[in-house]
Amino acid sequence: MKRNLLIYATKADITTLPVDVIVNAANTSLLGGVGVDGAIHRAAGLELLYACRGLGGCHTGEAKITNGYKLPAKYVIHAVGPVWSGGSHGEAELLASCYRNSLKLAAEHHCRSIAFPCISTGVYGYPVEPAAVIATATVKAELEHESSIDEVIFCCYTDDDLEVYRKALKDG
Ligand code: APR
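> In this structure, what is going on with the side chain of Glu142? I would like to understand it.
Tracing the sequence through the fold places Glu142 in helix α4 (residues 128-142). Judged by its relative accessible area of 16%, Glu142 falls in the buried class. Here Glu142 is in contact with Arg100, Leu103 and Lys104, once residues within four sequence places are set aside.

Have a look at this one:
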């Protein structure tokens, strides 16, 4: 692990974070939605939707990048998490690849700081505890290798989620 790597959880509205890139919990159309997807599109403005229209969608587990437009963040990485369907349909691996692919894209764009929402734990119904373990373990493993990234924020929206992600970071 790099010496100066900072990984932590905080409670905030991700659209307010002045980081290089924020990750959106998107759907395969990339044309917006409710939850954090809705918040990011509202804050970024219509140019984000126009940019997303040109991306041709995104498969579950994968991620695509756009500018941040009106957001304080320079970029938005749109990652499509799995819908929870009981845990035996590859959900864990698909969730891990959201984090892995987001980090790869962020590093390719020379980002130093990245903020993740709790992907798939809202509308998509992924239980928060296992999602937090997958998220934190994947990020730690991925950042063992050299990367431009030296700050990762798990941006929780509720106190309960913050407690879960902080515990996963501590126990991991
Ligand atoms: N900042 C940070 N986190 C937020 C914000 C916000 N402004 N708004 C919501 N969240 C949190 C939710 O509380 C949840 O913990 O984001 C997490 C992910 O929940 P969802 O946004 O519902 O995302 P997900 O479960 O991945 O479902 C994705 O929902 O909005 C649609 O288009 C999206 O179809 C896709 C689906």
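> Which parts of the structure should I look at to understand the pattern of salt bridges?
Opposite charge on two side chains makes pairing possible when the charged atoms of those side chains draw close. Within this structure, the stated rule accounts for 7 salt bridges. Between Asp159 and Lys11 there is a salt bridge, and its shortest N-O distance comes to 3.2 Å. Taken as a pair, Asp159 in helix α5 (residues 159-171) and Lys11 in strand β1 (residues 6-11) lie far apart in primary sequence, 148 residues in all. Between Arg112 and Glu151 there is a salt bridge, with its nearest N and O atoms 3.4 Å apart. Linking Arg112 in the loop between α3 (91-108) and β5 (113-116) with Glu151 in strand β6 (residues 151-156), this pair joins segments that are 39 residues apart in sequence. A residue is classified by how much of its surface remains accessible, and Glu151, at 15% relative accessible area, is buried.

> I keep staring at the packing of α4 against α5 and nothing clicks. Help me out?
The relative placement of two packed helices comes down to the angle between their axes together with the axis-to-axis distance. Here α4 crosses α5 at 45 degrees, and the two axes come no closer than 9 Å. Judged by the angle between their axes, α4 and α5 are oblique. Both α4 and α5 take part in a crossing whose hand is right-handed. Of the residues in α5, those touching α4 at Val128, Glu129, Ala131, Ala132, Val133, Ala135, Thr136 and Lys140 are Asp161, Val164, Tyr165, Ala168 and Leu169. Residues of the contact of α4 with α5, tallied by class, amount to 9 nonpolar, 1 polar and 3 charged.

> Even after reading the chapter, I still don't get the site of the ligand, so can you show me in this structure?
Around the ligand there are 22 residues in total, and Asn27, Val34, Val36, Asp37 and Gly122 lie nearest to it. Contact distances for the ligand include 2.7 Å between an oxygen atom and a side-chain N or O atom of Asp37. Interatomic distance of 2.8 Å between a backbone N/O atom of Ser120 and an oxygen atom of the ligand. Burial of the ligand by the protein chains amounts to 91% of its free accessible area of 700 Å². If you map the ligand onto the pockets, it falls in the largest pocket. Listed by contribution, the elements that provide at least two residues to the shell around the ligand are β2 (21-26) and α1 (35-44). No other element matches α1, which puts 4 residues into the shell around the ligand.

> Looking at this structure, I do not really get unusual backbone geometry. What am I missing?
Its identity as a non-glycine residue notwithstanding, Tyr69 has a phi of 55 degrees, on the positive side. Position of Tyr69 among the secondary structure elements: in the loop between β3 (63-67) and β4 (75-80). For Tyr69, a relative accessible area of 31% gives the class partly exposed.

Parameters at a glance
- Residues numbered from 1 in each chain as written.
- Predicted model: local features only at pLDDT ≥ 70, side-chain atom pairs only at ≥ 80, totals over all residues.
- Heavy atoms only, no water.
- Helix = DSSP H or I, 4+ residues; strand = E, 2+ residues; numbered from the N terminus.
- Buried < 20%, exposed > 50% of the residue type's maximum accessible area, 1.4 Å probe, protein only.
- Contact = heavy atoms within 4.5 Å.
- Salt bridge = Lys/Arg side-chain N within 4 Å of Asp/Glu carboxyl O.
- Axes fitted to C-alpha atoms, helices over the stretch in contact; angles between N-to-C directions.
- Parallel < 35°, antiparallel > 145°, perpendicular 65-115°, else oblique.
- Left-handed = near helix turned anticlockwise from the far one by under 90°.
- Nonpolar A, V, L, I, M, F, W, Y, C, P; charged D, E, K, R; others polar.
- Near = heavy atom within 4 Å.
- Polar contact = N/O pair within 3.5 Å; in protein donor to acceptor, adjacent residues only side chain to side chain.
- Areas by Shrake-Rupley, 256 points an atom, 1.4 Å probe, with all protein chains shown as cover.
- 1 Å grid on protein atoms, 1.4 Å probe; cavity = no way out; pocket = protein on both sides within 12 Å on 5 of 7 lines; lining within 4 Å.
- Sits in = over half its atoms within 2 Å of the grid points.

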